[in-house]
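Observations on the model geometry
Read off the chains here:
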Amino acid sequence: MCGRYATTKSNADLSQLFEAVDVAEPLRASWNVAPTDPVPLVRISKEHDGRVLDTARWGLVPHWAKDLRAGARMINARAETVTELRSFAPSFAKRRCLIPADGWFEWVRDGKEKQAFYMTPVGSEPLVFAGLWSAWGPESVLTCSVITTAALGGLKRVHDRMPLILPADRWSDWLAGGGDAEELLRPLSERDLEAIEVRPVGAAVGNVRNNGPELIEPTTNITLF
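Quick look at the structure, then. Predicted model only: the values in this text are computed from it and were never measured.

Definitions and limits used
Residues numbered from 1 in each chain as written. Predicted model: local features only at pLDDT ≥ 70, side-chain atom pairs only at ≥ 80, totals over all residues. Heavy atoms only, no water. Helix = DSSP H or I, 4+ residues; strand = E, 2+ residues; numbered from the N terminus. Salt bridge = Lys/Arg side-chain N within 4 Å of Asp/Glu carboxyl O. Buried < 20%, exposed > 50% of the residue type's maximum accessible area, 1.4 Å probe, protein only. Pairing = 2+ DSSP bridges. Axes fitted to C-alpha atoms, helices over the stretch in contact; angles between N-to-C directions. Phe/Tyr/Trp six-rings, centres within 6.5 Å; stacked < 30°, edge-to-face > 60°. Polar contact = N/O pair within 3.5 Å; in protein donor to acceptor, adjacent residues only side chain to side chain. Contact = heavy atoms within 4.5 Å.

1. Looking at unusual backbone geometry
As a rule of thumb, non-glycine residues mostly have phi less than zero, and peptide bonds are mostly trans rather than cis. Of note, the phi angle at E19 is positive, near 50°, even though the residue is not glycine. Among the structural elements, E19 can be located in the loop between α1 (11-17) and β2 (21-22).

This is how it looks when you write it as structure tokens:
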């Protein structure tokens, strides 16, 4: 999975959707989220005895890392190794989260050219990535990673990886901690993934300085292979 996605819902929308207490910073819509950007997530809080909507820096930083720069290389955690790697295993066991998104971007190379694609639900259903969080340093800076898995169905045409997407009936088990790892990391079926549109978009999303709804508008006369 590439390192760009979109998330545009407000604090009020997300706290209602996830039935979560809002403790997040005021959220700003972003159509071009990049590594180390602040992003919304939902996690379990002992202080609030339940779900909270919070804000984290994208790129998980383990407690033993020397500085926050380590997170730039850890925006994603592979489902195949997340239970084993020192960087991610403790968070998988105890600090799982939900990361809301409108969609994500990938690039397909054709010779010297690259075409950007935006993957987003066909209908109005929310898109929720399985994530991990951790707190780093004396100020407990919240950081997070998106879990990825092998791409399935038509999504294999744009990239060999995709985010692990969780439907609403799996949110509670994911947030609970513990559980059967194989079941928790089960990807959506190819049939379910047919509800994900693969949309060609313009090259502007490749520049992190660009950020607006025009980035997700479809580009005409382009087909995927």
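Read on, since the account is not over.
2. Observations concerning the pattern of salt bridges
One pass over the structure, following the stated rule, counts six salt bridges. Linking D54 and R43 is a salt bridge whose minimum nitrogen-to-oxygen distance equals 2.9 Å. Note that D54 is positioned in strand β5 (residues 50-58) and R43 in strand β4 (residues 38-45), a separation of eleven residues in sequence. There is no split in this pair, since D54 and R43 are both buried. Residue D67 is joined to R69 by a salt bridge in which the shortest nitrogen-to-oxygen separation is 3.0 Å.

3. Here's the deal with the sheet that holds strand β8 (residues 103-110)
Hydrogen bonds between backbone groups are what pair the strands of a sheet, and the pairing can be parallel or antiparallel. An order of β3-β1-β8-β9-β13 is seen for the five strands of this open sheet, with the pairing classed as antiparallel. Taken across any chain shown, the strands that pair with only one partner, and hence form the sheet edges, are β3 (30-33) and β13 (196-201). Pairs of neighbouring strands in the sheet enclose a mean axial angle of 30°, with direction left out of account. Bridge analysis of β8 against strand β9 (residues 113-121) gives seven bridges, and the strand direction is antiparallel. The partner of F105 across the bridge, within β9, is Y118.

4. So, the packing of aromatic side chains
Counting across every chain of the model gives six aromatic pairs. Taking the centre distance of 4.8 Å and the plane angle of 35° together, the rings of F105 and Y118 count as tilted. Of this pair, F105 sits in strand β8 while Y118 sits in strand β9, placing them 13 residues apart in sequence. For the pair shown, F105 and Y118 are each scored as buried.

5. What about the environment of P167?
Structurally, the position occupied by P167 is in the loop between β12 (161-163) and α3 (171-176). Taking the C-alpha atoms as reference, P167 lies 19 Å from T8; in sequence the two are 159 residues apart.

6. Examining the side chain of R161
Mapped onto the elements of the fold, R161 is located in strand β12. Polar contacts involving the side chain of R161 include one to the main-chain carbonyl oxygen of T148, which spans 3.0 Å.

7. Some thoughts on the environment of A151
Take A151: it is sitting in the loop between β11 (141-150) and β12. Among the residues examined, A151 registers a relative accessible area of 7% and is labelled buried. Along the chain, A151 and P163 lie twelve residues apart, while their C-alpha atoms are 8.2 Å from each other. Not counting the four nearest positions on each side in its chain, A151 is found in contact with K156, H159, D160, R161 and M162.

By themselves these figures say nothing about function.
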